[in-house]
Structure formats: C-alpha cells, structure tokens
Amino acid sequence: MPASPSTARAINDRLALRLLQQEGPLTAGRLKELTGLSRPSVADLLERLTAAGLIEVVGESGEQRRGPNAKVYGIVAGRAHLAALDVRTEGVAVAVSDLLGRVLTEASAPIDTGVGTGPAVEQAVALVERAVKEAGVDRPHTVGIGAPGLIDPATGELRDSTGLPEWHRRLVAALQERLPESRVSVENETNLAAVAEHRDGAARDRDTFVLLWLGVGVGAAVMLDGAIRRGASGGTGEVGFLPVPGTGGLPSATGCDGGFHSLACSAAVVELAAAHGLAAGAEVGTHGPAAATETGVPKAGAPEKGARETAASETGALETATLEAVATETGAPEAVTPEAVTPETGAPEAVTPETGPPETAASETGAPEAVAPEAAAPATAVRGTAVPETAVRGTAVPETAARGTAVPETAARGTAVPEAAALVRAASADPSVPAHAAFLDALADRVALGAAAVVSVLDPGCVVLAGENGRAGGTPLAERVQSRLAALSPLPTEVRPSALGGEAVLRGALLTAREKAQDDVFGYRD
C-alpha cells in the first residue's frame, strides 16, 4: 500500500533532517541529490521545516551565486540546548552546548565528599545550574551524565557499586528534580569515552573496536557494528575480573583482586615502576627518587585522592610528578620494592636492560608477578600518533575507577593514581632510557594479557588504550601492546592510543545528549 501524502511528507522531512544532522548545512540542490526527491518536493520540505523553526538559511553556497538555489540550510542551533557531565569520585566537569553540539560554556569543580551525601549532591547540582546560567540558557533540553559504575539496561539507572560514593546515584535524581522539564540520562563513562573515540578520536575509521580503560581500575567498552554493547546485566567490559596468570590468586564475585585488575590498575603500575627503579616525585621540578615507605612503595607527594588524573593543588594547578631512575654506580637501575629483595641478603636486585625485570612470585601482600618481556615479539608501528593530553578546563577534577565495581579501597583511595600516570608518561616521553623501556615492556606484557582475552572472544580488529594510564603511555605503550598481541593471538589487531585525552568522557556525554535531543526535537525515534 502506498504511503499517504502526509506520511510521505513526514518521511521526507525526517530524511532531510537526518542528512542535515550528518552532513551539516546543505543547499536545496545537494538535498535533491542526496534524497533522490524531485526539486518541488525538496522545496516543499524546506518550506515546512523552516516554518516549523527546525531549519534556517545559514549562508549562500558561493560569492557569485544568488537566488533560492544558492541558499544553504542548516539546523536551528538554538532550538534546544544540552548539558553534559563527567562525574568523578571527587569532582564534576560540565559542558553546555547548543543543539549542534557547539560548546557555550564549560566548568569543573572538586566535590567535598567529607560534608556528606546531601551537600555533595547540592554542590554538583549548583555547578550545573551555574554553567547553564552562564551559557544564557533557560534550561537544558537534555542532560547526559557519564559516571563510573554499571548501568541497569532495563531502567537506565546507575546501580549500586562497591567503592563509589553514594552521591553519584543521588545526583541523577536530584538533577531530574531541579530540572523537571529536562531529559536526564546516565551512561557508564568508559562507554561514553568509546562513543567519543568512535566519532571524533582514535577509532573514527572503525565501527567495531574495544576501548581498554587503564586507570584506578580497569575496564573496557565494546563497540560492535557502530553500537555500544552492554550485555544482559550491563556488565560488558568488566575485564578487571578476568583470571590471568601472574596475580597469585583468582578474582571472586565480590572483588577483582587476583584478576586482571591486580596486574594493570594504578596501584599495580606504581609497584611495577618501583621494581624497575622508577619513582615519582611530589612536585614539578623535583628530581631524584621519592623516599620509600615501609612497604617499598614510594611516598606520594600529591594530596590523597581517590581518582583519575592528578589531583588539584590548593591553587587549582595540576600537580605532576617527575620520574628518575635510581641508578647504581654503573648506571643500572635498582629495584626498590619488597618483591625484588633477595631473601638471602635483603638487598635489592639490580634490573638491567639485558635481563629485564625479575620474574618474582607474588609477595605475601598479593603483589602481582612481573611479566618478563623477553619472549615478546618486536614492536611494530601502530596507526595514529599520540595526541598531547589536554588538561580539563577549569579546576582539575580527579578521575575515578573505570567501571566502578569492587575496586579495592587501597586503589580507590590511595595516592598511586596520580603517580601511576606520571610514571607512565615520563617513561613514554623518553623510552630510549633502558629503565624506561624495561618498565614499558613489563607494563605492555601485563596489558596484553587482558587485551588478548578480549580479542580472542570478540575479534575487534582494533583496541584503543584509554584511561589516565593508557593515555599517558601514548604510542610507545600502544606499539608494545600490539607486538605482544601479535605473539599471543592469531587475530590481527591494531592497538592505538586515545586521541581525545581527558575530555573523552565529557565529549561522549555531549554527543549522546545531542543525539537524544535531536531525535526528540525532530519528532522521530530510531
């Protein structure tokens, strides 16, 4: 049965709006080419959409051309506005944009969790309200939130997650209460980072890939055929629970200690760096190794934070750590962790470029084994290049665990988080230093174990390393992981560093909010 005239008009309008979303401003002639409609039909739909306030003339196609055919039509950007949030353990970043995704204002601030759940929620909501006001917007049509933790696929709500603050869950309801006419939705932050990398970052040319998040915790986002896959319970990507060799134990249903998390989380990265004679200082310009604690882990100079990124100092500046090998008289770096201490003498074993890190058994405290890099295949080039990390606009907001489930308290609250990224970044900045290369090799061995398990099941063809430690490793770490995957798996897989830095989650939240708002404003659902 042929469509009625009204149905045909609705279909044509929808097609034209979709094209304007995807392609940007277009002339009537170009719309005719893309839709296959007749010239009168295109003229009719342009008139209808203009009258409805959905599109407008935004320019002309050439300096010498005049008349209706030269007019360029685009979506009315001010028809609706959006807000996006990147929610961290101890802070929030906010962006407000128009319907086309052009950012009007951005803000970020730490959240004082010591004051209790209610006041913490109020601080976050107030930040959103201030950002909306500064953008000159009455209310956002859609609010997209990126947060750590699992999202219930049935309800779309953030589920209870061990180790995450209660104010995270309360924030969604509070925003909906304060912005009753806005559509508020929440998505796992790792998934949103994958959305952003797919649209604007390292995976622009890939509809199927895995984003591996390396931070306080470890996690993954799976995109297959252009769509994020969440699983039956929303738990797709909980790779921290993968049983892998070298941990000295197994994960459990209530904790990921003993799983891949124990090899690749920030706390484990700091221990691995120390085993290669690398230590983090407290301030920019500090040189030399940090003093060791009784456990052998270098003392942190940064304030205690349970988060991604370096913590904000009292002045709001990011504190970064410098890194220096602890050299012997011959220049060979020495290990400083208990795992590398010889039982006979108690003296630290030297780690040389020739031998690589010692393969030691897990300590009594459960420290993971170092994975020897000798058997790894030679590093091969990966596509893409490392993009300099961009600081979060405004006050620095620390990061949280990737997926947010059962992250050990020592990792969630410890000071290893800023140190880990600083150590990896410093090593990647000059991998020609033998100690740096050995550390990156050992880290790549560990990352490849988790990546290989994911690759063997999904065959994604591409893995993007994200999270604060994945970004810090850049191309040097990605190349090493790719070479090891080639040795571990017959499935060809490119490994690329994140191209979006610390803004991936916020950008993903904005892209998701824009799509939902446009679908609602234009009156269609897909």
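Details of the structure are given in the entry above.
Since the model is a prediction, treat every value here as computed from it, not as a measurement.

Colleague: Would you mind going over the overall build of the protein chain with me for this structure?
Modeller: Within the protein chain, the regular secondary structure consists of 13 helices and 15 strands. Taking all contacts inside the protein chain whose residues are at least 6 apart in sequence as the whole, residues at least 24 apart take part in 69%. Total accessible area on the protein chain stands at roughly 22100 Å², and carbon and sulfur atoms take up 52% of it.

Colleague: What am I meant to see in the sheet that holds strand β9 (residues 209–214) here?
Modeller: Across a sheet, paired strands are connected by hydrogen bonds in the backbone, their directions being either parallel or antiparallel. If you walk across this open sheet you meet the five strands as β11-β10-β9-β14-β15, and the pairing is mixed. Pairing within the sheet leaves two strands with one partner each, and these edge strands are β11 (227–229) and β15 (494–497). Taken pair by pair, the neighbouring strands of this sheet meet at an average axis angle of 25 degrees, ignoring direction. Where β9 lies against strand β10 (residues 218–224), six bridges are found, and the strand directions are antiparallel. Residue pairing across strands places leucine 214 opposite valine 218, the latter belonging to β10. Running at roughly 155 degrees to β9, helix α11 (residues 434–458) makes contact with β9, β10 and β14 (462–466) of the sheet.

Colleague: Help me understand the environment of histidine 81, please; the structure alone is not making it clear to me.
Modeller: For histidine 81, the position within the fold is in strand β4 (residues 81–88). In sequence terms histidine 81 and leucine 104 are 23 residues apart; their C-alpha atoms lie 9.5 Å from each other.

Colleague: I'm lost on helix α2 (residues 28–35) in this one. Help?
Modeller: Residues spaced three or four apart along an α-helix face the same direction, because each turn holds 3.6 residues. Within α2 the residues assigned to the buried category are Ala28, Leu31 and Thr35. One face of α2 carries all of its buried residues, which in axial projection span an arc of 55 degrees. Tucked into the core, α2 has its buried residues touching α1 (5–23), β1 (26–27), α3 (39–51) and β3 (71–75). Residue glycine 36 follows α2 closely and has a positive phi angle near 80 degrees.

Colleague: What's the story with the sheet that holds β3 in this structure? I'm lost.
Modeller: Overall, antiparallel pairing links the three strands, which are arranged β1-β3-β2 in an open sheet. Two strands lie at the open edges of the sheet, namely β1 and β2 (55–60), each paired on one side alone. Sheet topology note: the β2/β3 ladder contains five bridges and is antiparallel. Paired with glutamate 56 across the two strands is glycine 74, which belongs to β3.

Colleague: Can you walk me through the environment of alanine 279 in this structure?
Modeller: As for its placement among the helices and strands, alanine 279 is situated in strand β12 (residues 278–280). A C-alpha to C-alpha distance of 9.7 Å links alanine 279 and alanine 420, two positions 141 residues apart in sequence.

Colleague: I tried to follow unusual backbone geometry on my own but got confused; where do I start?
Modeller: Outside of glycine, negative phi angles account for most residues, and trans bonds account for most peptide bonds. Positive phi, close to 55 degrees, is recorded for aspartate 225, a residue that is not glycine. Inspection of the secondary structure assignment puts aspartate 225 in the loop between β10 and β11. Here aspartate 459, not a glycine, exhibits a phi torsion of approximately 50 degrees, which is positive. Tracing the backbone through its elements, the reader meets aspartate 459 in the loop between α11 and β14.

Colleague: What should I look at first to understand the nonpolar core in this one?
Modeller: The nonpolar side chains of a soluble globular protein tend to be buried, and buried together. Leu212, Phe439, Leu465 and Val481 are the most contacted members of the largest nonpolar core, which totals 42 residues. Sort the elements by how many residues they give to this core and α11 lands first, with twelve residues. In contact with leucine 212, not counting residues within four places along its chain, are Gly219, Ala220, Val239, Phe260, Val447, Ala451, Val463, Val464, Leu465 and Ala466. Counting residues in each nonpolar core, the second largest holds 31 residues, with Ala109, Ala120, Val137 and Leu171 among its members.

The rules behind the values
Residues numbered from 1 in each chain as written. Predicted model: local features only at pLDDT ≥ 70, side-chain atom pairs only at ≥ 80, totals over all residues. Heavy atoms only, no water. Helix = DSSP H or I, 4+ residues; strand = E, 2+ residues; numbered from the N terminus. Contact = heavy atoms within 4.5 Å. Areas by Shrake-Rupley, 256 points an atom, 1.4 Å probe, with all protein chains shown as cover. Pairing = 2+ DSSP bridges. Axes fitted to C-alpha atoms, helices over the stretch in contact; angles between N-to-C directions. Buried < 20%, exposed > 50% of the residue type's maximum accessible area, 1.4 Å probe, protein only. Arc of directions from axis to C-beta. Core = buried A, V, L, I, M, F, W, Y, C linked by side-chain atoms within 4.5 Å.

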